[in-house]
Amino acid sequence: MQRMGMVIGVKPDMLDTYKRLHAAVWPEILALLADCNIANYTIFLREPENLLFGYYEYHGTDYEADMAKMAANPKNQEWWSFCIPCQAPLATRKDGEWWAMMEPVFHMD
């Protein structure tokens, strides 16, 4: 299992929309996440900075293939069409990233 952490901004004027979307995530999206070997997915909000911290556990064996499968899913593309306009990616993210991935520096079981 891999623990994944990531960060992105959320636009202040879209904060209520983002919260509303995630208060009722579509069942198809939840099923897709599970089908792509993602578990224990949590998103935290830090105000007033309006930063989102995402955490999930990846239980698969081919991360790139599972992420490609997720990205290609039409229902997920529809979901992203609502979520992406709410987000403000960090200027310091790596090429190809939307959410900036984070390096784990400590874990305690």
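Keep in mind the model is a prediction, meaning the values are calculated, not measured. All chains use their own residue numbering, which begins from 1 and follows the written sequence. Local features in a predicted model are, by the rule used here, given only for residues with pLDDT of at least 70; side-chain atom pairs are given and counted only at 80 or more, and totals for whole chains, interfaces and linings are based on all residues. Note that the side-chain values use all heavy atoms of the structure and ignore hydrogens as well as water.

This part takes up the environment of Met70. With respect to the helices and strands, the residue Met70 is situated in helix α3 (residues 63-72). Spatially, the C-alpha atoms of Met70 and His59 are 15 Å apart, while their sequence positions differ by 11 residues. Any two residues whose heavy atoms approach within 4.5 Å are treated as being in contact. Ignoring anything within four residues of it in the chain, the contact list for Met70 reads Leu32, Leu33, Cys36, Ile38 and Asn76. Put simply, DSSP marks the helices as runs of H or I at least four residues long and the strands as runs of E at least two long, and each gets a number from the N terminus on.

This paragraph deals with α3. The classification of residues rests on relative accessible area computed with a 1.4 Å probe and restricted to protein chains. Under 20% of the type maximum is buried, over 50% is exposed, and intermediate values are partly exposed. Three or more residues of α3 are buried, namely Tyr63, Asp66 and Met70. Mapping the buried residues of α3 onto a view down its axis gives an arc of 70 degrees, with all of them on the same face. Those residues of α3 that are exposed and aimed more than 90 degrees away from the buried face are Glu64 and Ala72. Tucked into the core, α3 has its buried residues touching β1 (2-10), α2 (27-35), β2 (38-46), β3 (51-58), α4 (74-83) and β5 (100-102). The arc in question is the one spanned by the directions pointing from the helix axis to the C-beta atoms.

Here we come to the side chain of Gln87. Note that Gln87 resides in strand β4 (residues 87-88). Residue classification places Gln87 among the buried positions, given a relative accessible area of 5%. At 2.4 Å, the side chain of Gln87 forms a polar contact with the side chain of Trp98. If we ignore the near neighbours within four places in the chain, the residues touching Gln87 are Ile8, Gly9, Val10, Lys11, Tyr18, Trp98 and Trp99. Definition of a polar contact: a pair of N or O atoms within 3.5 Å, with one able to donate and the other able to accept a hydrogen when the atoms are protein atoms, and with sequence-neighbouring residues admitted only if both atoms are side-chain atoms.

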